[in-house]
Each structure stands twice: as C-alpha cells, then as structure tokens.
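The chain contents come next:
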Amino acid sequence: MNSNNTLRNLRNIGVIAHVDAGKTTTTERILFYTGENHRIGDVNDGNTAMDFDPQERARGITIHSAATTVHWHGTQINLIDTPGHIDFNLEVRRSLRVLDGAVVVFDGVAGVEPQTETNWRLADEYRVPRLAFVNKLDRTGADFHRVVASLEDRLGVRALPLQLPIGAEAEFRGVVDLLTMQALVWDRDDAKAPPRVAAVPPELLPAAQAARARLLEAAAEQDDALLDAWLRGAELPVDALRAALRRGTIAGAFVPVLAGSAFRNRGVEPLLDAVVAYLPAPGEAPGAAAAEGPLSALAFKLTADDHGAMVFVRVYSGTLKRGDTVFNASTGKPERVARLYEIHADRRVERDALVAGDIAGVVGLKDVLTGHTLAATKDAPVLESIAVPAAVIDVAIEPRQQADAAALAKGLGVLVREDPSLRLRQDADSGQTLLSGMGELQLEVAVEKLRSRFGVDVAVGRPQVAYRETITAPAEVRHVHRKQSGGPGQFAELTLRIAPLPRGEGFRFSNTVVGGAIPREFIPAVEAGLRQAAQAGPFVGHPLVDFEAVLLDGSAHVRDSSALAFELAAAHALREAVLKAAPAVLEPVMAVEVVTPAESVGDVIGDLLRRRGQVQGQDARGNAVVVTAHVPLARMFGYIGQLRALSSGRAQFTMQLSHYAEALAASAALAA
Ligand SMILES: Nc1nc2c(ncn2[C@@H]2O[C@H](COP(=O)(O)OP(=O)(O)OP(=O)(O)O)[C@@H](O)[C@H]2O)c(=O)[nH]1
Ligand SMILES: [Mg+2]
C-alpha cells in the first residue's frame with residue numbers, strides 16, 4: 001500500500017507566516033477550490049473552518065495549528081494552517097517538524113516581517129522546502145517586486161518568480177504564468193469563476209521575458225540536458241522545466257514565488273498547482289527516511305477535547321492499524337490504538353489504518369506526549385523530538401473559590417500537556433502556582449480556556465518577567481549527607497564541580513568518578529538531584545541555567561547508601577556550590593520591531609531608549625519607518641498603550657525573545 005506511487009500523490013504541507021499575512025484566508029480558499037467546503041469562511045466574520053476555536057473566532061487570529069485534508073487533481077494534500085503570533089510559535093515548530101513542504105505567505109505591502117523571518121529560519125532548521133506566496137496584492141501600497149527583493153535581502157534566498165502580477169493594488173486582477181507565457185485573469189472577485197486564459201498584456205512582455213529567462217536559467221542549472229538545450233537556444237519543454245524546478249526547490253537551491261490576493265480569490269488555484277508540482281512527496285523530502293520497515297511515528301500534538309484525548313501523529317514508516325498494540329519508544333510503555341482519524345479541521349473521518357507519509361489523529365493512547373515516538377517494539381530508535389521555546393513571562397494563578405482548586409489543577413495539567421511551551425511551577429517564597437509562557441497573549445488565552453473549558457474562574461496576578469539564574473565562576477564543594485536519626489540508606493558523600501557554560505547551553509552533567517567510589521547505580525540519582533535543584537536556583541529561586549556539573553568523587557556505604565540519599569546530597573551540594581560561584585540573574589531581552597509613521601519616529605526611539613532599549617536599525621518601508629531594537633522584557637509591559645499614544649494609534653509592534661542577558665540591577669534587587 002505504501003508504494004512509491006501512493007507517496008507520490010501525497011503532499012504534507014504547512015502554511016506559515018507572520019501574523020495577519022493571510023494564512024487562514026488562503027487556506028479557506030484552498031478548502032473551497034478543492035471542494036472540501038462549499039462556502040468560503042471569512043476570518044473577519046469569525047466563520048472560518050480552520051479557526052474553529054471560539055477564542056480564535058472572537059479574536060480573529062489563529063491560536064492552534066489546524067490540520068485538514070484536501071484533494072487537488074488526484075493528489076491528496078494534508079494541510080496545516082499555523083498561527084503567526086510569536087506566543088504560539090510552538091505550533092509552527094511542531095508542524096514544521098512533521099511536514100515535507102511549506103507555503104510561506106507574505107503580505108504584499110509589508111514583505112518580510114519578524115515572524116516570517118523566525119518561521120523561515122525554523123523551516124531551514126527542519127529542512128522544509130518552501131514556496132512563497134505574495135498575498136494581499138490588492139492592498140494599497142502592495143508591491144510584488146519589493147517583496148521579492150525583501151526575500152533576497154532579508155532571508156538571503158534566491159527568490160524565483162513563477163508569475164508576474166497583472167495590475168496593482170485595487171487593479172490587481174491576474175498573473176502572467178512565466179513557464180507557459182500565458183496570462184490568467186480573474187475578472188471578478190467571485191470565487192466560483194475560474195480564471196480566463198489570455199495573452200500576456202503587451203506592456204508586461206519585456207518584464208515577463210526577462211523574468212522567464214531567469215527562471216529558465218535556474219531550471220537549466222538543475223539538469224544537464226536542459227542546460228544543453230538552453231545553451232543551444234532550443235525550445236525547452238514545459239514538463240522538463242517543471243521537473244527541474246521541482247528538483248531545485250526540494251534541494252533548496254531557490255524558492256519559487258507566486259502572486260495573489262486570497263481575499264479577492266485571485267491566485268489560489270495556481271498556488272495549489274505549484275504545491276503539487278514543486279513541493280516534495282513524503283519520500284522525496286530532504287532527509288526522508290525509508291518508508292519500508294517497522295512502524296515509526298512521531299506524536300507532534302495532542303488535544304484533550306470532548307471526544308477524549310487525540311494524539312496527532314506523522315507516520316514515517318510501517319503501518320498503524322486500529323486495535324494495534326504499539327510501543328511508546330520514548331517511555332518503553334505499550335499503548336493501544338483505539339481509533340484512527342483523518343482530520344478535517346474540527347471534523348474527523350475514521351480510518352482503519354495509517355501508512356508511511358500519513359498525518360492523522362489517534363485516540364486511545366494513554367501516556368503519549370508531544371515529541372514521543374510510537375514504534376513496533378519497545379527499544380526501537382526514538383525520532384528527533386521537538387524543541388520547546390523558552391517561557392519568558394510568569395503569572396500567579398489561584399482559584400477565586402477554594403472549591404475550584406482541584407478543577408484548576410486538572411485544567412492546568414491539560415493545558416500544559418497540550419502546549420508544552422506553557423509551564424507550571426511553584427513560587428519558592430509564596431508557594432503560589434505560577435504559569436509561565438512565551439507572552440501575555442498566550443497566558444491570557446490559557447486563562448480564558450480555564451474558564452470556558454474547565455469552568456474555573458481564576459484570579460490572575462500581574463505578569464512578571466520569568467528571570468533565570470546562572471553562575472559566573474567555577475566552584476567546587478564536597479558534601480556529606482548523613483541522617484543522624486539513623487536507619488539504612490541515609491549516607492552519601494560527593495564532590496561536585498560546577499562551571500559556567502555559554503548562554504543557551506542549559507545544563508550538562510558528567511561523571512568522572514573512578515574505581516566505583518560511588519556505585520554506578522547511584523549516578524543517575526545524582527543527576528536527577530541536580531536537575532531537580534536547578535529548577536529553583538538557590539540564588540533567587542528562578543531556574544538555574546547555562547552551567548555544567550561534574551561529579552568528581554564521593555563515597556558510599558554498602559548498607560547505608562541509597563539513590564535517594566545521593567539525590568538529596570546532589571541537590572544540597574549544588575545549592576552550596578552556586579552560592580560560591582558568583583551567581584547572577586539573567587533577564588530576557590526582546591527583539592522589538594516597531595512600524596511607525598515617519599512623523600512619530602523620533603518619539604518612538606526616545607521612548608525605546610528610556611526603556612533601556614538599544615536601537616539596532618531604522619529602515620523605510622513605503623511611507624512608514626521600521627525601527628528595530630533590543631529591549632529588556634521588564635520594560636515592555638504596557639508598551640502597546642504608550643506606542644498608541646505616541647503615534648495617534650498608527651504604529652504597531654511585535655516582539656520576540658532575542659537572548660538572555662545578565663541583569664545587574666535585577667541581580668542586586670532580587671538578591672536583597
Ligand atoms: N486586502 C486583503 N486582505 C486580506 C487578504 N488576505 C487576508 N486578508 C485579511 O487579512 C486579515 C488577516 O487574515 P488571516 O487569514 O486571518 O491571516 P493569518 O495569517 O491567518 O493570521 P494569524 O493566523 O492570526 O497569524 C483578515 O482581515 C483578512 O481578511 C488579501 O489577499 N487582501
Ligand atoms: Mg490564521
């Protein structure tokens with residue numbers, strides 16, 4: 001069943017971009033043109049199929065990645081529409097981890113925006129071949145060529161238009177297909193009216209010929225026979241050109257660019273053609289594993305809704321059948337597959353089996369988390385997991401009514417299971433429950449879910465910066481754990497050395513104990529104790545990061561030592577060592593991008609400087625100015641209000657974590 005033929009007629013693709021570029025709008029058109037839906041949903045009316053969550057509809061933004069399956073001229077396309085807002089970036093990461101290709105949507109006015117860039121880099125990391133769709137060409141100020149140039153400048157790619165737009169802004173009505181040198185014109189906004197095929201408008205002919213020459217050159221570079229023909233000036237068959245462009249796209253040699261206006265129903269059918277023509281089938285994706293062999297599937301997302309927990313998986317090899325017992329290779333535990341579903345946004349269609357290349361939902365799994373591997377055997381190789389972005393903001397959460405405490409705990413448990421970029425911890429001093437996340441919007445959405453899904457009304461504290469702590473010097477300690485009350489298993493001795501690591505390295509543990517001074521079976525307990533203690537650092541109670549710990553020496557008693565004793569000893573030793581290792585507080589520093597009318601730029605920059613910001617750059621974008629700066633998150637709370645006041649409501653901003661930096665003032669204040 002999972003022959004190459006089956007795979008060749010399948011595309012697993014994602015739609016990724018900055019907030020508001022038009023991902024969901026484009027996806028809704030795809031649902032319509034493929035016949036999956038008979039009506040076009042509109043994000044402005046809150047009735048799209050993809051943004052089916054009540055909060056998404058109310059806020060007009062995508063919060064969760066949503067999957068669907070459509071068919072286009074005999075090819076099945078599994079499509080994931082992702083959110084653009086940085087707070088929900090884990091949704092993009094986990095989608096890119098399992099997808100074979102992506103459509104990157106650009107706003108025809110704004111071009112490359114911060115989250116476009118972030119998501120582009122993620123797609124690089126996961127080696128996902130891409131098409132670029134320059135959307136919103138109907139908007140005032142839209143400029144296809146400027147967007148293509150921004151792809152080259154800001155993303156450093158070779159952008160290769162497959163089309164040129166016909167008409168601009170309100171007059172945008174079609175595209176020139178550079179391969180066939182035909183015009184496709186949508187005379188009306190009506191989605192039911194297919195494009196009219198026409199001759200290339202004479203005024204566009206020189207530009208189209210020049211762009212076509214670039215396209216042919218790029219294709220010829222991929223194929224010696226084509227290159228020969230091209231050099232001889234012979235006619236190049238369109239099929240051979242497509243095949244060569246497909247090869248180059250999958251290899252990442254260039255990125256094909258298409259033009260359109262999803263909202264005005266222009267340019268979406270050719271985009272679907274391009275997905276089939278240029279993006280890889282599962283077996284062709286860079287780094288694709290062999291589809292033969294035993295079951296191997298990655299759980300990349302899960303939801304716990306009214307239907308019970310649904311785990312979304314991508315099958316890489318083998319078959320997953322209803323009723324199967326499989327293994328979670330990440331935990332070694334068996335799991336039973338009760339049901340399998342093909343996903344159509346919030347609708348599901350039952351399937352008997354999944355094969356290599358499929359992306360689908362599994363119900364019945366008990367103990368499977370995002371990033372776990374499902375396999376035929378317990379000790380099967382584990383697939384590469386999904387990196388979870390850092391949480392930079394905390395809020396304290398408590399039930400308004402004490403009677404809701406249990407429901408709150410349950411609700412929070414579900415939320416962090418569904419979204420591992422939300423984290424729970426206990427404040428070391430106050431004992432309060434802290435929910436941490438990537439930004440205020442993510443936490444706001446989580447709190448609203450507690451109310452709407454779990455019926456818990458919560459009191460939420462003011463958002464606080466999620467600081468971290470680290471050490472700036474090495475230190476060595478010897479610690480003896482011995483409980484006077486006696487009893488067996490109460491003795492452990494160890495010598496620990498800790499040293500700073502570069503920013504972002506997290507924690508590394510190594511063991512150099514020789515000659516069994518500490519029996520081997522206790523070493524994992526030492527590491528566990530260190531990890532446990534690092535969750536709330538001894539300096540100011542924030543997570544301790546960017547350090548290594550080396551277990552140098554120690555001793556044990558045959559009768560009086562235990563794993564627990566070593567775990568406790570390690571935790572104590574770490575606390576002692578940190579205080580001797582010149583500890584420091586780290587604060588998140590945000591990369592801020594403000595798009596402001598030119599007349600407000602002085603005020604905007606002055607305000608950023610007062611917030612301890614460092615301005616990185618200032619560029620014109622049409623009539624607006626784009627200011628980029630690094631600003632400590634601690635100084636960005638309430639920024640939107642100030643920015644509106646400074647710009648008569650016309651400036652906008654986005655921010656995302658840039659890096660952690662030593663916070664000297666905060667170190668002193670927090671340690672006091
Ligand atoms: N003028 C114009 N507006 C568009 C076009 N495509 C989308 N929009 C509008 O842009 C806004 C955002 O569209 P969405 O489709 O929700 O954008 P998105 O990329 O899914 O946004 P997030 O999921 O929140 O990141 C909506 O008001 C759309 O109607 C277009 O081609 N032209
Ligand atoms: Mg969306």
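Residues numbered from 1 in each chain as written. Chains lettered and ligands numbered in written order. Predicted model: local features only at pLDDT ≥ 70, side-chain atom pairs only at ≥ 80, totals over all residues. Heavy atoms only, no water.

Novice: Got a minute to help me understand the packing of helix α11 (residues 405–418) against helix α12 (residues 440–454) in this structure?
Specialist: Two packed helices can be described by the angle between their axes and the distance between those axes. Between α11 and α12, the shortest axis-to-axis distance is 10 Å and the interhelical angle comes to 120°. The angle between α11 and α12 falls in the class oblique. Between α11 and α12 lies a crossing of right-handed hand. Facing L408, G411, L412, V414, L415 and E418 of α11, the residues of α12 in contact are A446, K449, L450, R453 and F454. Grouping the constituent residues of the contact of α11 with α12 by class yields seven nonpolar, one polar and three charged. (Axes fitted to C-alpha atoms, helices over the stretch in contact; angles between N-to-C directions. Helix = DSSP H or I, 4+ residues; strand = E, 2+ residues; numbered from the N terminus. Parallel < 35°, antiparallel > 145°, perpendicular 65-115°, else oblique. Left-handed = near helix turned anticlockwise from the far one by under 90°. Contact = heavy atoms within 4.5 Å. Nonpolar A, V, L, I, M, F, W, Y, C, P; charged D, E, K, R; others polar.)

Novice: Quick question: what am I supposed to make of the packing of aromatic side chains here?
Specialist: Going through the model one piece at a time under the given rule, you end up with six aromatic pairs. Measuring from ring centre to ring centre gives 5.8 Å for F32 and Y33, while their planes differ by 75°; the resulting arrangement is edge-to-face. Of the two residues examined, F32 and Y33, each falls in the buried class. Ring geometry for F522 versus F566: centroids 5.1 Å apart, planes at 20°, classification stacked. Of this pair, F522 sits in the loop between β30 (507–511) and α13 (523–534) while F566 sits in helix α14 (residues 563–579), placing them 44 residues apart in sequence. (Phe/Tyr/Trp six-rings, centres within 6.5 Å; stacked < 30°, edge-to-face > 60°. Buried < 20%, exposed > 50% of the residue type's maximum accessible area, 1.4 Å probe, protein only.)

Novice: How do you make sense of the coordination of the magnesium ion (ligand 2) when you look at a structure like this?
Specialist: Four donors placed tetrahedrally about a metal ideally form angles of 109.5 degrees, and six donors placed octahedrally ideally form angles of 90 or 180 degrees. Protein-derived coordination of the magnesium ion (ligand 2) comes from T24 (OG1) and T62 (OG1), at a distance range of 2.0 Å. In this pair, T24 is assigned in helix α2 (residues 23–33) and T62 in the loop between α3 (54–59) and β2 (66–72), connecting sequence segments 38 residues apart. Each member of the pair, T24 as well as T62, carries the same accessibility label: buried. (Donors = N, O, S within 2.8 Å, 3.2 Å for Na, K, Ca; no water.)

Novice: Help me understand helix α10 (residues 268–278) in this model?
Specialist: In an α-helix, one turn spans 3.6 residues; hence positions three or four apart end up facing the same way. Across the 11 residues of α10, eight count as buried, placing the element largely inside the fold. Every buried residue of α10 is listed here: V268, E269, P270, L271, L272, A274, V275 and Y278.

Novice: How do you make sense of the packing of helix α9 (residues 238–251) against α10 when you look at a structure like this?
Specialist: Their axes nearest at 9 Å, the elements α9 and α10 cross at an angle of 80°. Between α9 and α10, the angle is such that the two are roughly perpendicular. Where α9 abuts α10, its residues R242, L245, R246, T249 and I250 lie against V276, A277 and Y278. The class makeup of the residues in the contact of α9 with α10 is five nonpolar, one polar and two charged.

Novice: Any chance you could explain the pairing of strand β5 (residues 130–135) here in plain terms?
Specialist: The side chains of a regular strand alternate between the sheet's two faces. Burial analysis of β5 places six of its six residues in the buried class, the great majority of the element. Along β5, one buried face is formed by R130, A132 and V134 and the opposite face, lined by L131, F133 and N135, is buried too. The parallel pair strand β4 (residues 101–107) and β5, bridged by helix α5 (residues 114–125), forms a crossover whose chirality is right-handed. (Right-handed = clockwise from strand over helix to strand, strands pointing away.)

Novice: Is there a simple way to explain the environment of I80 in this structure?
Specialist: Position of I80 among the secondary structure elements: in strand β3 (residues 75–81). Here the alpha-carbon distance between I80 and G455, two residues 375 residues apart in the chain, equals 29 Å. If near-sequence neighbours (up to four positions away) are discounted, I80 is found in contact with I13, G14, V15, S65, A66, A67, S95, L99 and F300.

Novice: When you look at the sheet that holds β30 in this model, what are you seeing that I'm missing?
Specialist: Remark on secondary structure: sheet strands pair via backbone hydrogen bonds, oriented parallel or antiparallel. Strand order in the open sheet made by the four strands is β28-β29-β31-β30, with mixed pairing throughout. The open sheet terminates on both sides in strands that have one partner only, identified here as β28 (475–482) and β30. Sheet twist, expressed as the mean angle between neighbouring strand axes with direction ignored, is 25°. Across five bridges, the pairing between β30 and strand β31 (residues 547–555) is parallel. By the bridge assignment, F507 is partnered in β31 with F547. Packing of α13 onto the sheet brings it into contact with β29 (491–500), β30 and β31, and relative to β30 it is tilted by some 155°. (Pairing = 2+ DSSP bridges.)

Novice: Would you take a moment to explain the site of ligand 1 for this structure?
Specialist: In the neighbourhood of ligand 1, 20 residues make up the surrounding shell, with K23, T25, N44, T62 and D138 lying closest. Contacts to ligand 1 include T62, whose side-chain N or O atom sits 2.7 Å from an oxygen atom. Burial of ligand 1 by the surrounding chains reaches 90%, relative to a free accessible area of 650 Å². With three residues, α2 is the single largest residue contributor to the shell around ligand 1. Class assignment of the residues belonging to the shell around ligand 1 gives a composition of seven nonpolar, eight polar and five charged. (Near = heavy atom within 4 Å. Polar contact = N/O pair within 3.5 Å; in protein donor to acceptor, adjacent residues only side chain to side chain. Areas by Shrake-Rupley, 256 points an atom, 1.4 Å probe, with all protein chains shown as cover.)

Novice: Any chance you could explain the sheet that holds strand β8 (residues 174–177) here in plain terms?
Specialist: Pairing is antiparallel across the open sheet formed by four strands, whose spatial order is β7-β8-β9-β10. Every other strand in the sheet has two partners, leaving β7 (163–166) and β10 (196–198) as the edge strands with one partner each. The sheet shows a mean angle of 25° between the axes of neighbouring strands, direction not considered.

Novice: Mind showing me how you'd approach the environment of R188 here?
Specialist: Tracing the backbone shows R188 in the loop between β9 (182–185) and β10. On a C-alpha basis, the gap between R188 and R322 in space is 47 Å, while along the polypeptide they are 134 residues apart. Residues contacting R188, with those up to four places away along its chain left out, are A193 and R266.

Novice: In this structure, what is going on with the confidence of the model for the protein? I would like to understand it.
Specialist: The predicted structure's coordinates, where accompanied by low pLDDT, should not be read in detail. For the protein, per-residue confidence averages 93 on the pLDDT scale, and residues scoring 70 or more make up 96% of the total. This stretch, residues 1–5, has a pLDDT under 50; its non-local contacts, to residues over four places away or in other chains, come to six contacts. (pLDDT = per-residue confidence, 0-100.)

Novice: Got a minute to help me understand the nonpolar core in this structure?
Specialist: Inside soluble globular proteins, nonpolar side chains tend to come together where they are buried. Judged by nonpolar contacts, the single largest core of 100 residues is most densely connected at L96, F106, L151 and L245. Ignoring anything within four residues of it in the chain, the contact list for L245 reads L160, L162, L179, L215, A219, F254 and Y278. L408, F454, V585 and M636 belong to the second-largest nonpolar core, a separate cluster that totals 43 residues. (Core = buried A, V, L, I, M, F, W, Y, C linked by side-chain atoms within 4.5 Å.)

Novice: Hey, could you run me through the side chain of R94 in this one?
Specialist: Assignment of secondary structure puts R94 in helix α4 (residues 89–98). By relative accessible area, R94 is classed as buried at 1%. Side-chain polar atoms of R94 contact the side chain of E91, separated by 2.7 Å. Sequence-distant contacts of R94, defined by excluding residues within four places in its chain, comprise F300, K301, T370, I386, E418, D419 and P420.

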